[in-house]
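Remarks on the overall topology
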Amino acid sequence: MKDIVVFSGSAHKAFAEEICENLSVPLSGTHLSRFSNDCLQAQLLANCRRRDVYIIQPLVPPTQEHLVELLMMVDAARGASADSITAVIPHYAYARSDKKDKSRISLGGRLVADLLNTAGVTRVLTMNLHAPQVHGFFSCPVDHLTAIGELANHYRGRDLSNHIVVSPDLGNAKQATVFSRLLNLPVAAGSKQRLADDRVVIDSIVGDVDGKKAIVLDDEIATGGSIIELLERLEEFGATGASVATTHGLFTGRAVERLSNHPFIEEVVATNTVPPPKDWPQLVTRSVAPLFADAIRRIHEGRSVSKLFKGVDPTHAPPTPEGLF
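This one's a predicted model, so the numbers in the text were calculated from it and none came from an experiment.

Now for the packing of helix α2 (residues 63–79) against helix α3 (residues 108–119). Relative to each other, α2 and α3 sit at 25°, their axes nearing to 8 Å. The orientation of α2 with respect to α3, classified from their angle, is roughly parallel. Counting all contacts with α2, which are made through Leu67, Leu70, Leu71, Val74, Asp75 and Arg78, the residues of α3 involved are Val112, Leu115, Leu116, Thr118 and Ala119. Tallied by class, residues from the contact of α2 with α3 come to eight nonpolar, one polar and two charged.

And the structure:
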């Protein structure tokens, strides 16, 4: 890993340290300061000249603070004559702002992508974007990883003879189908209508969940409102219990209280793309830092990143002759 230097913002330093441990490279220092007028300044404490720079920063609350930190660090690396600057964003929060579903609203997903490009990012490495089309907002290469394989590993080796994979909504049903195939299980989905950021209605379940235990798969859990609403419908439709799995476990607001005390939930599993809540020791955390480290190694050596997902997820794996038009 010669000529590579890795920095971390303040959002999730433990994740960056684990990536560096897997790469066998040191995590280089960063000095983040704030002026009396509340402006941020970033200083990189390692040589970047003619080196491949990787800056690790998930966009987690306070999201705007961490976004500006990332932009400042990218600008500092560009000014220090870095050969390339890869923004490693395990959780790209603005991926939810991907469409004009109301009049006169902003498209935050595209705007933040433009900001990163303007700051000097030459590549983005991220995981489980809320919507695949967000990939197209960037004018630089994007390596889009998936946690489906790591989450499936959590359930392998168990007796799943009476289980079913359930997606909270039809939009996530494609990922749930891939997940169900990895575990050789049937799949179902909720019919969801979002009324507000933290208010949803699920009026029915598409699929037979009667007498089965559900493995609920969602890409992101924030307040937990969608999950609680889904669990109520699953119980009405005859399901006997649920395990909840997610890539991005933000668990904001009352989410920890809602999910940890719910009698229908047997366990909650999340990856470590974002910092886990400190007040929930029962949360099961699956690390995707080795996957990010492998992706960084492949990018640096000019090897295929998509081969990491061969046999896992066909949308992320290399194209096959049968899949070409």
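Let us now look at α2. Between the first and last C-alpha of α2 there are 24 Å, a value that for 17 residues agrees with the 24 Å anticipated at 1.5 Å per step. Among all positions of α2, only Thr63, His66, Leu67, Glu69, Leu70, Leu71, Met73, Val74 and Ala77 are buried. On the buried face of α2, the contacting elements are β1 (4–8), β2 (30–34), β3 (40–44), β4 (52–56), β5 (84–89) and α3. Residue serine 81 follows α2 closely and has a positive phi angle near 65°.

With that out of the way, let us pick up the nonpolar core. Core analysis: the largest hydrophobic core is formed by 33 residues, its most contacted members being Ile55, Tyr92 and Leu116. Of all the elements in the fold, those that place two or more residues in this core are β1, β3, β4, α2, β5 and α3. Top contributing element to this core by residue count: α2, with six residues. If sequence neighbours within four positions are ignored, isoleucine 55 has contacts with Phe7, Leu70, Met73, Val74, Ala77, Ile85, Thr86, Ala87 and Val88.

Okay, helix α5 (residues 173–183) next. Every α-helical turn comprises 3.6 residues, leaving residues that sit three or four positions apart pointing alike. Of the residues making up α5, those classed as buried are Gln175, Ala176, Val178, Phe179, Ser180, Leu182 and Leu183. Immediately downstream of α5, the backbone of asparagine 184 shows phi near 55°, a positive value.

Taken in spatial order, the five strands make up an open sheet running β1-β4-β5-β6-β7, and their pairing is parallel. Strands with a single pairing partner mark the edges of an open sheet, and in this sheet they are β1 and β7 (142–145). Here the strands of the sheet are splayed against their neighbours by 15° on average, with no regard to which way each runs. Across four bridges, the pairing between strand β6 (residues 123–127) and β7 is parallel. Each residue of the ladder has a partner; that of threonine 126, found in β7, is histidine 144.

All right, on to the pairing of β3 then. Because side chains alternate across β3, one face comprises the buried residues Leu40, Ala42 and Leu44, and the other comprises Gln41 and Gln43, none of which is buried. Judged from the five bridges that link them, β2 and β3 form a sheet pairing that is antiparallel. Among the inter-strand pairings, leucine 32 is bridged to a residue of β3, identified as alanine 42. Hairpin connection from β2 to β3: five residues lie between these consecutive antiparallel strands, with aspartate 38 at a positive phi of about 80°.

To continue, consider empty space enclosed by the protein. In the structure shown here, the tally under the stated rule is one cavity of 30 Å³ or more. Volume-wise, the largest cavity comes out at about 40 Å³. Lining the largest cavity, in full, are His91, Tyr92, Ala95, Met127, Asn128, Leu129, His130, Asp219, Glu220 and His248.

Our next topic: the pattern of salt bridges. Taken as a whole and judged by the stated rule, the model has 15 salt bridges. Among the ionic pairs, aspartate 38 bridges to arginine 34, the shortest N-O distance being 2.9 Å. One salt bridge connects aspartate 143 with arginine 123, and the closest N-O pair in it is separated by 2.8 Å. Of this pair, aspartate 143 sits in strand β7 while arginine 123 sits in strand β6, placing them 20 residues apart in sequence. Residue classification places aspartate 143 among the buried residues on the basis of a relative accessible area of 13%. Classification of arginine 123 by relative accessible area gives partly exposed; the value is 25%. Among the charged side chains, a salt-bridge network with shared partners connects Glu229, Glu232, Arg233 and Glu236.

The rules we used
- Residues numbered from 1 in each chain as written.
- Predicted model: local features only at pLDDT ≥ 70, side-chain atom pairs only at ≥ 80, totals over all residues.
- Heavy atoms only, no water.
- Axes fitted to C-alpha atoms, helices over the stretch in contact; angles between N-to-C directions.
- Helix = DSSP H or I, 4+ residues; strand = E, 2+ residues; numbered from the N terminus.
- Parallel < 35°, antiparallel > 145°, perpendicular 65-115°, else oblique.
- Contact = heavy atoms within 4.5 Å.
- Nonpolar A, V, L, I, M, F, W, Y, C, P; charged D, E, K, R; others polar.
- Expected span 1.5 Å × (residues − 1).
- Buried < 20%, exposed > 50% of the residue type's maximum accessible area, 1.4 Å probe, protein only.
- Core = buried A, V, L, I, M, F, W, Y, C linked by side-chain atoms within 4.5 Å.
- Pairing = 2+ DSSP bridges.
- 1 Å grid on protein atoms, 1.4 Å probe; cavity = no way out; pocket = protein on both sides within 12 Å on 5 of 7 lines; lining within 4 Å.
- Points joined across faces, edges and corners; volume = space filled by probe spheres on them.
- Salt bridge = Lys/Arg side-chain N within 4 Å of Asp/Glu carboxyl O.

Geometric descriptors of this kind do not, in isolation, establish any biological role.
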